[in-house]
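Survey of secondary and tertiary structure
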Amino acid sequence: MEASVILPILKKKLAFLSGGKDRRSGLILTIPLCLEQTNMDELSVTLDYLLSIPSEKCKARGFTVIVDGRKSQWNVVKTVVLMLQNVVPAEVSLVCVVKPDEFWDKKVTHFCFWKEKDRLGFEVILVSANKLTRYIEPCQLTEDFGGTLTYDHMDWLNKRLVFEKFTKESTSLLDELALINNGTEKGSQQEKDRSVDINFLPSVDPETVLQTGHELLSELQQRRFNGSDGGVSWSPMDDELLAQPQVMKLLDSLREQYTRYQEVCRQRSKRTQLEEIQQKVMQVVNWLEGPGSEQLRTQWGIGDSIRASQALQQKHEEIESQHSEWFAVYVELNQQIAALLNAGDEEDLVELKALQQQLSDVCYRQASQLEFRQNLLQAALEFHSVAQDLSQQLDGLLGMLCVDVAPSDGASIQQTLKLLEEKLKSVDLGLQGLREKGQGLLDQISNQASWAYGKDVTTENKENVDHIQGVMEDMQLRKQRCEDMVDVRRLKMLQMVQLFKCEEDAAQAVEWLSELLDALLKTHIRLGDDAQETKVLLEKHRKFVDVAQSTYDYGRQLLQATVVLCQSLRCTSRSSGDTLPRLNRVWKQFTITSEERVHRLETAVAFHSNAEKILQECPEQAEAINEMEQFDEIEAVGKSLLDRLTVPVVYPDGTEQYFGSPSDMASTAEHIREKMKLVSLKKQQLRQPEATTTES
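Conventions we followed
- Residues numbered from 1 in each chain as written.
- Predicted model: local features only at pLDDT ≥ 70, side-chain atom pairs only at ≥ 80, totals over all residues.
- Heavy atoms only, no water.
- Helix = DSSP H or I, 4+ residues; strand = E, 2+ residues; numbered from the N terminus.
- Buried < 20%, exposed > 50% of the residue type's maximum accessible area, 1.4 Å probe, protein only.
- Contact = heavy atoms within 4.5 Å.
- Areas by Shrake-Rupley, 256 points an atom, 1.4 Å probe, with all protein chains shown as cover.
- Core = buried A, V, L, I, M, F, W, Y, C linked by side-chain atoms within 4.5 Å.
- Pairing = 2+ DSSP bridges.
- Axes fitted to C-alpha atoms, helices over the stretch in contact; angles between N-to-C directions.
- Expected span 1.5 Å × (residues − 1).
- Arc of directions from axis to C-beta.
- Salt bridge = Lys/Arg side-chain N within 4 Å of Asp/Glu carboxyl O.
- Phe/Tyr/Trp six-rings, centres within 6.5 Å; stacked < 30°, edge-to-face > 60°.

Turning next to the overall build of the protein. The helix and strand tally for the protein stands at 16 helices and 7 strands. A buried classification covers 41% of the 696 residues belonging to the protein. Taking the contacts inside the protein whose residues are at least 6 apart along the sequence as the reference set, 82% of them involve residues at least 24 apart. When the accessible surface of the protein is summed, it comes to about 38,800 Å², and 50% of that surface belongs to carbon and sulfur atoms.

Rendered as structure tokens:
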């Protein structure tokens, strides 16, 4: 029975083998009943087909039948169970009737399957779906019963159809191929030199049948499913395990017969090709040794320019184009000969090998000559291209050297010098490349005589060699003249770079000195809260002045260097003329401001020192102060210091500058006044004991 005959019945899925097995390794046969009335005849046909698939060994282990009655009536379930007695009584070992959650009518109890075990020949149990795992492992149950086993009925059915179709077609094809092959062998034995007529061709394409078989075998071998969440692996169904060796055996037989069939076809075509090949080989050999060789004998020059070399290349390409047509014939013939050598008889091998050797020798020799000529022309074209590029580079370098240098700053000089060096380096590389190309071309010309076919090519070679050597010598002389001019220009440009650098650094020194002056006026304003702090400020100021002095000296040295460089270059400096007056002016302003700062700090040191000395005297030591003039001196110094804080710094050009902001000066003055008040209070304290003594 074939699945295609009962396909509409099988699609209804009245019963199926899921591939699951019970604890005794018996197959599980599932009968899913539905709400509609089940056709018992169709069910019987389905069971007969399904039970014909497993092997006898598998059947001997028995079946476990699951009758899913959750969606059916009791009388249908009972009928199905009783039908199993007639269909598969010997193979059934256990029938599990899955009952619905709401049990059937009590009349079910009037029919006890367990009492009918001996009559039925198998055990029947009623069980709910969630308790079915007591008898069968979950990994062997489908998802309908809470298991993890995956089963796709349509997928299984499609594979069965493919398997049965392949079995039928392959069996028929094997018979046809065997008939063809056996008939050919008999004909060959009767008349070996005469091809046998084969009127009977395969009814189906062997390649298609083989491809179908391989795809089917691949699917059968790859069916491996793993349970989710660490579930147990599920092996292929038994029918699939049985199908694999059948498919493999059929494929082996098909391949064997198809190979023999292909051999028969090859033998027939080989004999018809041999005479055609012999004629074509002689045509190729005669043309290559005749007109083809004569064309190459007339081509020896390399040209004296790019245009001439390109014209020669174009001519050579025309010659190659004519040869390519015959080479294409050679390739085709060589492939045909190789195919016949692989499949030919022993008496044909000697003749085929001789033809192949003769054809290969002539074609390889001619191809080598064409390749040598092409390489020679390509090398000549590259040599002339490099020579032209080098000539243009030398012209550009010479034009750059003939223009006088008039840069605006040091950066532009550096850029020009860098460009000059790059151009000279490019010329060096170009000349080196020209020498390499020229030497390579000379080497190829020296080997040209080996392809002369007895013709004397000494004159042509000498002209080519003289031309190549003359080009290289001319380029070498031009490059040497440019190098001498570059050396002179480089020295001048380096001096100009140094000149601009000195001018820029001198201007920078002026800026630094201006910044130091600005910092002195705006940030160096504190006079200290006591004598110690004021002395520290005075020491820092002296170091600050040393930095300014170094900056000024550095600027003077740079300006002197610019004078020397201008004399060497015979040019006038564009910036050093006003840089020196600016430097001297800023330095003069800094000197005046610094002296004022020193005077204020020294006055502050004297004020704080005397004031602190008096303020630290104890009342018992009042006798030690011999004269009250000390108080007056401190007061005079303090007033003098306060007066200087309000006086600006006056520069020679009449401009004025103040130290810090008015608020900064006010804060400093306030601190001095506070200290003067303390001294005045001390003075009053000393006078009171003296007045008391006088009154007494």
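Having seen the model, we can carry on.
This part takes up the nonpolar core. L397, L434, L441, I468, L513, F590 and I672 are the most contacted members of the largest nonpolar core, which has 77 residues in total. Looking at this core, the elements that each hand over two or more residues are helix 10 (346-402), helix 11 (410-446), helix 12 (458-522), helix 13 (531-569), helix 14 (576-615), helix 15 (629-645) and helix 16 (662-695). Element by element, the count of residues in this core is highest for helix 12, at 19 residues. In contact with L513, other than residues within four places in its own chain, are A548, T551, Y552, L583, V586 and W587.

With that out of the way, let us pick up the sheet that holds strand 2 (residues 27-32). Taken in spatial order, the 5 strands make up an open sheet running 1-2-3-4-5, and their pairing is mixed. With partners counted over all chains shown, the strands left at the sheet margins are strand 1 (16-21) and strand 5 (123-128), one partner each. Across the sheet, the axes of successive neighbouring strands diverge by a mean angle of 25 degrees, strand direction being ignored. Sheet strands touched by helix 2 (residues 40-51): strand 1, strand 2 and strand 3 (63-68). Its angle to strand 2, the strand with the most contacts, is close to 160 degrees.

So, on to unusual backbone geometry. The backbone of K13 sits at a positive phi, close to 55 degrees, despite the residue not being glycine. Tracing the backbone shows K13 in the loop between helix 1 (7-11) and strand 1. Residue K13 is classed as partly exposed on the basis of its relative accessible area of 26%. Phi is positive for S25, close to 70 degrees, though the residue is something other than glycine. Along the chain, the position of S25 falls in the loop between strand 1 and strand 2.

Taking 1.5 Å of rise per residue, the 16 residues of helix 7 (residues 206-221) would be expected to cover 22 Å, and the 22 Å separating its terminal C-alpha atoms lies within 8% of that figure. What helix 7 keeps buried is the set P206, V209, L210, G213, L216, L217 and L220. The arc that holds the buried residues of helix 7, viewed along the axis, is 130 degrees, so those residues lie on one side.

Moving on, we come to the pattern of salt bridges. Enumeration over the complete set of coordinates arrives at 23 salt bridges. Put simply, R70 and D68 hold a salt bridge, and the shortest N to O gap is 2.9 Å. Between E533 and R526 there is a salt bridge; the shortest N-O distance is 2.5 Å. Where salt bridges share partners, they join D428, K479 and E483 into one cluster.

A few words on the side chain of T551. As for its placement among the helices and strands, T551 is situated in helix 13. Among the residues examined, T551 registers a relative accessible area of 11% and is labelled buried. The residues contacting T551, other than those within four sequence positions of it, are A509, W512, L513 and L516.

Scanning the model with the defined rule gives 6 aromatic pairs in all. Taking the centre distance of 4.7 Å and the plane angle of 10 degrees together, the rings of F16 and Y151 count as stacked. A residue pair is termed long-range when its members are at least 10 positions apart, and F16 in strand 1 and Y151 in the loop between strand 5 and helix 6 (153-190) qualify at 135 residues. A relative accessible area of 3% means that F16 is categorised as buried. Relative to F590, the ring of F544 has its centre 5.9 Å away and its plane inclined at 40 degrees; by these criteria the two rings are tilted. With a gap of 46 residues between them, F544 in helix 13 and F590 in helix 14 connect regions that are remote in the sequence. Of the two residues, F544 and F590, neither departs from the other in class, the shared state being buried.

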